[in-house]
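# Structural overview for review
Given next are the chains, with one letter for each unit.
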2 protein chains.
Amino acid sequence: MTSGTQSQLVAIRSKFESELGDFLSTQTGYLNAISSDLAPVSTAISVFLLESGKRLRPLFSFAGFLSAGGNFSSPEIRAMSSLELLQACALIHDDLMDGSDTRRGKPSIHRHFESLHIQDELEGFAPQYGLSAAVLLGDLCLVWADQLLNSSGLSQAQLKRVIPIYDEMRVELMAGQFLDIHEQTQKNTDLARSMKIARYKSGKYTIERPLHMGAALSEKSSPELMHALSEYGLPLGEAFQFRDDLLGVFGDPTVTGKPAGDDLREGKRTALIAMTDARCTDAMREESRKYFGKNDLDEKGVAILQEMIISTGAKTELENLIEELTDRAMNAVNSPHINEDARATLTELTAIATKRSM
Amino acid sequence: MTSGTQSQLVAIRSKFESELGDFLSTQTGYLNAISSDLAPVSTAISVFLLESGKRLRPLFSFAGFLSAGGNFSSPEIRAMSSLELLQACALIHDDLMDGSDTRRGKPSIHRHFESLHIQDELEGFAPQYGLSAAVLLGDLCLVWADQLLNSSGLSQAQLKRVIPIYDEMRVELMAGQFLDIHEQTQKNTDLARSMKIARYKSGKYTIERPLHMGAALSEKSSPELMHALSEYGLPLGEAFQFRDDLLGVFGDPTVTGKPAGDDLREGKRTALIAMTDARCTDAMREESRKYFGKNDLDEKGVAILQEMIISTGAKTELENLIEELTDRAMNAVNSPHINEDARATLTELTAIATKRSM
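Let me begin by describing the structure that accompanies this report. (Residues numbered from 1 in each chain as written. Chains lettered and ligands numbered in written order. Predicted model: local features only at pLDDT ≥ 70, side-chain atom pairs only at ≥ 80, totals over all residues.)

## Digging into the overall build of chain A
- Summing up its helical and strand segments, chain A has 16 helices and two strands in all.
- Within chain A, the fraction of its 358 residues that count as buried is 52%.
- Of the contacts made within chain A by residues no fewer than 6 positions apart, 75% connect residues no fewer than 24 positions apart. (Helix = DSSP H or I, 4+ residues; strand = E, 2+ residues; numbered from the N terminus. Buried ≥ 20, exposed ≤ 12 C-beta atoms within 10 Å, placed from the backbone. Contact = placed C-beta atoms within 7 Å.)

## Considerations on unusual backbone geometry
- With a phi close to 50 degrees, Glu121(A) is a non-glycine residue in the positive phi region.
- Structurally, the position occupied by Glu121(A) is in the loop between α5 (109–119) and α6 (126–150).
- A positive phi is found at Arg104(B), a non-glycine position, where the angle reads about 50 degrees.
- Within the secondary structure, Arg104(B) is located in the loop between β1 (102–103) and β2 (106–107).
- With 13 C-beta atoms packed within 10 Å, Arg104(B) lands in the partly exposed category.

## Details of the relation of the copies chain B and chain A
- Structural alignment of chain B on chain A gives an RMSD of 0.0 Å, achieved by rotating through 180 degrees and translating 0.0 Å along the axis. The transformation just described matches what one would write down for a two-fold rotation axis.
- Here 100% of the interface residues in chain B have copies in chain A that are interface residues too; the copies meet face to matching face. (Least-squares fit on C-alpha atoms with pLDDT ≥ 70 in both.)

## Regarding the interface of chain B and chain A
- Each side of the interface is counted separately: chain B has 46 residues, and chain A has 46 residues.
- Elements represented by at least two residues in the side of chain B that touches chain A include exactly α1 (3–34), α4 (74–98), α6 (126–150), α7 (156–183) and α8 (191–217) of chain B.
- Along the lines of polarity and charge, the residues of the side of chain B that touches chain A split into 22 nonpolar, 15 polar and nine charged. (Nonpolar A, V, L, I, M, F, W, Y, C, P; charged D, E, K, R; others polar.)

## Structural notes on the environment of Arg104(A)
- Each C-alpha atom of the pair Arg104(A) and Val255(A) lies 8.6 Å from the other, and the pair is 151 residues apart in sequence.
- Residues within four places of Arg104(A) in sequence aside, it is in contact with Ser52(A) and Gly257(A).

## Notes on the packing of helix α3 (residues 56–67) of chain A against helix α16 (residues 343–355) of chain A
All names here are of chain A.
- Their axes nearest at 10 Å, the elements α3 and α16 cross at an angle of 155 degrees. One way to sum up the angle between α3 and α16 is to call them roughly antiparallel. In this structure, α3 meets α16 at a crossing whose hand is left-handed. Contact residues: α3 offers Leu56, Leu59, Phe60, Ala63 and Leu66, while α16 offers Thr345, Leu346, Leu349 and Ala353.
- Among the residues making up the contact of α3 with α16, the classes are represented as eight nonpolar, one polar and no charged. (Axes fitted to C-alpha atoms, helices over the stretch in contact; angles between N-to-C directions. Parallel < 35°, antiparallel > 145°, perpendicular 65-115°, else oblique. Left-handed = near helix turned anticlockwise from the far one by under 90°.)

Okay, here's the thing in structure tokens:
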């Protein structure tokens, strides 16, 4: 892990941000030409997208491209940036489905539009306006992602290789999201089901497919490289999701941008909860029902559940699993099919994805 | 309008349906391979898409293709069919935003999943499950539309011509949808604003852009043809929307699949309502507030508002406007840039779009 790699990632990230800024500025002009009533739409998306975000998916796509020995220029950077618009759709819709009030320390999109409705004393029911705006802004981000990808300046040959991966990734994302909301309706927890959700929502969507898309941008990609990138990306993606599960329970609000223990308040059935559940006594399980998934769960209640997750050994079990998955990913970095120049970047990204220290 | 054209449209519509059926059957297999928990997703979308629908957008796309002198084969038919998946996304999300209980005489998607939740005695809050399912199924339809279009077998040259139109159409759709929900929050009605919404939601999305996409599938399309198709499609699309506004107030529930006067109950501010409002006395406006937009509006209340819309002359005004717009569209059919073979089809589709007799 060299400081040279770190500064390369910082530099490439600022290129993504500059492309996203340019694209959004053009689209803002386009919407304003239709009607000035669309100004809140482009403003909200621009703030949401440009003021924060780690650009993880474009960065993994970049690493995939390097793995295939690609030399980047502007069209590839634009194509990779489009993943950030897709992610904006996923987050906006996710917050709506979860009823989350905040995202990255700011009001979520449906809450933001709900507030605009109240502030401007508009007619009708503010939460319904918030819901509608979040549905449409998410849809628009999904469409803009395509538009940025399609108009990025990639060659027809590149598009032909990349688009099928992009389409499949998006189907996998929606499938993973549905399995996740379905999981929240089940009477029991199940580690195998939670693992599958982690694989689809994160293993594939966040890491494996962005890597594949990046590799497919280069004409030097091969089935062997794609396989090696899966060997790296799938375990790492699962580790990433499990780290997220831990952060949802134990994370520092100033880092996560969400209230402490938010996943506990929401009653989110993650792999961590499935592990805890499997290790609980009946008495503990009974006790946990008083707190888990309660909207008004206070600090004390959060602490009781945290203690249960620690004392059963579930936290340690998941941390060990994260370590094991990370080791497996790191072993794959040494595949002879991965271009040497990509190894430092893949290593650096592994640290970012599993420790969230960026 | 010959019976030959009618039977051609019926034949082409059944080709669309067959392509959609094949695509959904493949996708159902794909989802089931991920998890059997996804079965309700593919079943609900298949029922929604295959059991009803006029296939208007694919048909207009077909007419655009004929206008450019195109000879169709399977890839073009598949590409046109994809518009029906996009429309499924628009309807699923629209029903969620409007809080509509029914679509085409059946429960809307969010209500359907809400019922599944209750019926299977799942954990959690049924309406939130319904909301989440509708968000994700709509998203999935949007992605599947792209996947069907991208994998239709079109040449790279065709895709390069079609995709920019497709992307712009989808941005226009989302812009029109946002303007529509925003309109419902305004303190006053405004005919110019309602007209703009009709232009974006219907003129462009339902008719002009599908025509353009169809024309762009042929290598013989030209800017002059695109212009002629706009001269036909934009007024016709507005006429289509205004017919829809009339049906929302005066339509027969057995035809519309929605309860009588549903738009009145919902308080939907359409061009028809803006026209009525402009023609009302202050006393009538005061009286209308007792009924318009009331959830529990009964038959008597619907009849009072209908009478107001008739007696002010707004209904006649809008019917005259529909006629004028339809005439304008029909004049454009005779443009020398439109291939002769397309004229009967365009004429037939005009009748379907403005009279809804199909």
